[in-house]
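# A closer look at the structure
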Amino acid sequence: MKKILTLILLAGTLFSFAQNELPDDFLSSEFHQERRDLVREKMPANSVAIFFASPVRNRANDVDYVYHQDPNLYYLTGYKEPHAVLLIFKEEQDGPEGSYDEIFFIQPRNAMAEMWTGRRMGINGVKEKLAFNQVFNNTEFEDYNIDFSKFDKVLFYDFYNDVRDTNAEGDLYDLIVSFKQKAGYPTEGDLTIESSANNLDMETLDQIMKDLRGIKTEEELNLLRKAVDISCIAQVEVMKAMKPGMSELEIQGLHEFIFKKYKAEYEGYPSIVGAGNNGCILHYIENYKPEISSDEMILMDLGAEYHGYTADVTRTIPVDGKFSPEEKAIYDLVYRAQDEAIKACKPGVNIQRDLDFAIARRIINEGLAELGIIDSANQRHLYYPHGLGHHIGLDVHDKGNYEYLEPGMAITIEPGIYIPEGAKCDEKWWGIAVRIEDDVLITEDGYELLSDIAPRKSEEIEKMMQEPSPLDEFVLPALDED
Ligand SMILES: [Mn+2]
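Bear in mind that the values here come from a model prediction, so they are computed numbers and not experimental data.

### Overview of the packing of helix α10 (residues 325-343) against helix α11 (residues 351-370)
Where α10 meets α11, the closest approach of the two axes is 9 Å, and the angle between their N-to-C directions is 160°. As judged from the angle between their axes, α10 and α11 are roughly antiparallel. Seen from above, α10 lies across α11 with right-handed handedness. On the side of α10, the interface is formed by Leu333, Arg336, Ala337, Glu340 and Ala341, while α11 contributes Leu355, Ile359, Ala360, Ile363, Ile364, Gly367 and Leu368. Of the residues assigned to the contact of α10 with α11, the class counts are nine nonpolar, one polar and two charged.

So, in structure tokens, the structure goes:
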């Protein structure tokens, strides 16, 4: 009896899974439609905007890199497949099947290709799921009659000219060639301005996208908050699990396992896990140190990407659970710089001028001078070589404006100090690298710290690292080494 019940329950689970294989919390088609309407609103009179899909990139031989849609196109459509082009018209256009103000050319259904590389939405799928009216196969773009010369402005992003021609008709390469011909884009070998149409505009569109993507909607924030929470929980679990002798790769794997445990599909950027002196390499993604040692810190800069939105959180912790006096001096200095900068976040301030130069960088320079690492707070140095923060969203360095913070902007605040071996200071500081990075939402009257689940005060980190970890029990058989 019990067995039968189990089987029925199992069958029920399988059935509901088959009915609903995709998560139901992706951005809605209404969101994408509204974004297209806002692009249209911001476009100049008598103009058309063109957005291409990202190219497929080959890793080697038969294997491509995991495909990542162009974030602008994804933001405006929700379409995740390659070989597509979207056209948005400022004004209604007359066509044989009535008027329209947007057309979407997508990759066609193809049973053989889908068996190898996955399902395609096809025209009907895009019409139904993404709520488009005018959808065509990309093979139809070449012959589709669009007179670009009649527009005052043809808005698009300039090309990198690094797209491969595949043997499929209507692929991205063909779409770009067709567009260039139709729009009068100067052809190779004839790059004179006279040869090109004078309505081509490769500047305006980026500003429109910065204005839109830089301010997050509630629907986007739901996804971003989830990405940030997941990334913070991973930092907390790794604090508990951290032991001398682990490898950088193993620690990277723990973070990424937890991302996937929470169904975050990807990492928003290659994970940075650097112990000791490796932390001084800002984008250290080799993560190859086989055994981290008890007398060093480890810098972990990772972000879960949940349904396209990526967090960006960095924690730096002592491998043995206890900061040495030198580590603590540097850590607490970075913490103070970060904490003061976070507290000053509000609409109207400028990240570089008001938060970095006036607060974070000043505190760090004064602190480094006090510790004798530099001679005076005014001395030029390379111990804090990067900026204080950036927008996050569909890109880890997301599109957005940097003039003034506004409500709805999501940014990082991430000061750091990096003292590589051989630096011109007392060698007791060598190999100390600290970055603390948090994700902040700008609100009407200030800010909300999105990444507060992961402790960042030195005392709180030490306390968290004493907590037991379920991974303490996770022992795998040794590989035969002979
Ligand atoms: Mn960052």
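### Topic: the sheet that holds strand β12 (residues 304-306)
Across a sheet, strands are paired by hydrogen bonds formed along the backbone, either parallel or antiparallel in direction. Pairing in this open sheet of three strands is antiparallel, and the strands run β9-β12-β13 from one edge to the other. The sheet terminates laterally at β9 (266-267) and β13 (309-310), the two strands that pair on one side only. Strand direction decides the pairing type here: β9 and β12, joined by two bridges, are antiparallel. Considered in β12, the bridge of tyrosine 266 is made with glutamate 305.

### Side note on the nonpolar core
With 105 residues, the main nonpolar core has Met242 and Ile298 as its most contacted residues. Two domains each donate at least three residues to this core, and these are domain 1 (21-211) and domain 2 (216-473). If we skip the residues at most four places from it in the chain, isoleucine 298 touches Met242, Ile251, Val273, Gly274, Ala275, Ile292, Arg315, Thr316, Ile317 and Val319. By size, the runner-up hydrophobic cluster in this structure holds 25 residues, among which are Ile50, Phe141, Val154 and Leu172.

### What to know about the side chain of arginine 361
Within the secondary structure layout, arginine 361 lies in helix α11. In this structure the side chain of arginine 361 is engaged in a polar contact, spanning 2.9 Å, whose partner is the backbone oxygen of tyrosine 384. In this view, arginine 361 contacts Asp356, Tyr384, His386 and Gly387; residues no more than four positions away in its chain are not counted.

### Here's the deal with the domain arrangement of the protein
The domain architecture assigned to the protein consists of domain 1 (21-211) and domain 2 (216-473). When each unit is reduced to the centre of its C-alpha atoms, the spacing between domain 1 and domain 2 is 36 Å. With 19 residues of domain 1 in contact, the opposing surface of domain 2 contributes 16 residues. For the pair domain 1 and domain 2, the summed buried area comes to about 1,400 Å², and 56% of that belongs to carbon and sulfur atoms. Of all residues in domain 1, Asp25, Leu27 and Lys210 give up the largest surface area on contact with domain 2, accounting jointly for 33% of the area buried on that side. Run the count over domain 1 and domain 2 and you get two salt bridges. Across the pair lysine 226 and aspartate 25 runs a salt bridge whose closest N-O atoms are separated by 3.8 Å. Taken together, domain 1 and domain 2 are joined by six residue pairs in polar contact (both at pLDDT 80 or more). Sorting the residues of the side of domain 1 that touches domain 2 by element identifies α2 (29-42), α3 (71-77) and α7 (204-213) as the ones contributing at least two each.

How each quantity is defined
Numbers given for residues are sequential positions, taken from 1 along each chain in its written order. Where totals are concerned, whole chains, interfaces and linings use all residues; where local detail is concerned, this predicted model gives features only for residues with pLDDT of at least 70, and gives and counts side-chain atom pairs only at 80 or more. Excluded from the side-chain calculation are hydrogens and water; included are all heavy atoms of the structure. Working convention: axes come from line fits to C-alpha atoms, limited for helices to the stretch in contact. Angles between N-to-C directions cover 0 to 180 degrees. What counts as a helix is a DSSP run of H or I of at least four residues, what counts as a strand is a run of E of at least two, and both are numbered from the N terminus. Any angle that falls under 35 degrees is termed roughly parallel, while one over 145 is termed roughly antiparallel, one within 65 to 115 roughly perpendicular, and all others oblique. Crossing handedness follows the turn of the near helix against the far one: under a right angle anticlockwise gives a left-handed crossing, and clockwise gives a right-handed one. The contact criterion used is simple: two residues touch if any of their non-hydrogen atoms lie within 4.5 Å. Charged means Asp, Glu, Lys or Arg here, nonpolar means Ala, Val, Leu, Ile, Met, Phe, Trp, Tyr, Cys or Pro, and polar covers whatever is left, Gly included. For two strands to be treated as a pair, DSSP must find at least two bridges joining them. We call a set of buried residues a nonpolar core when its members are Ala, Val, Leu, Ile, Met, Phe, Trp, Tyr or Cys and they connect through side-chain atoms within 4.5 Å of each other. Exposed residues in this analysis have more than 50% of their type's maximum accessible area, buried residues have under 20%, and partly exposed residues fall in between, with area computed by a 1.4 Å probe over protein chains only. Start and end positions for the domains come from either an automated domain assignment or a database one. Any pair of nitrogen or oxygen atoms within 3.5 Å is treated as a polar contact; in protein, a donor-acceptor pairing is required on top of that, and neighbouring residues in sequence qualify only through side-chain atoms on both sides. By buried area we mean the combined loss of accessible area, with a 1.4 Å probe, across both parts when two parts are placed together. Basic side-chain nitrogens of Lys or Arg form a salt bridge, by our definition, when they fall within 4 Å of a carboxyl oxygen of Asp or Glu.

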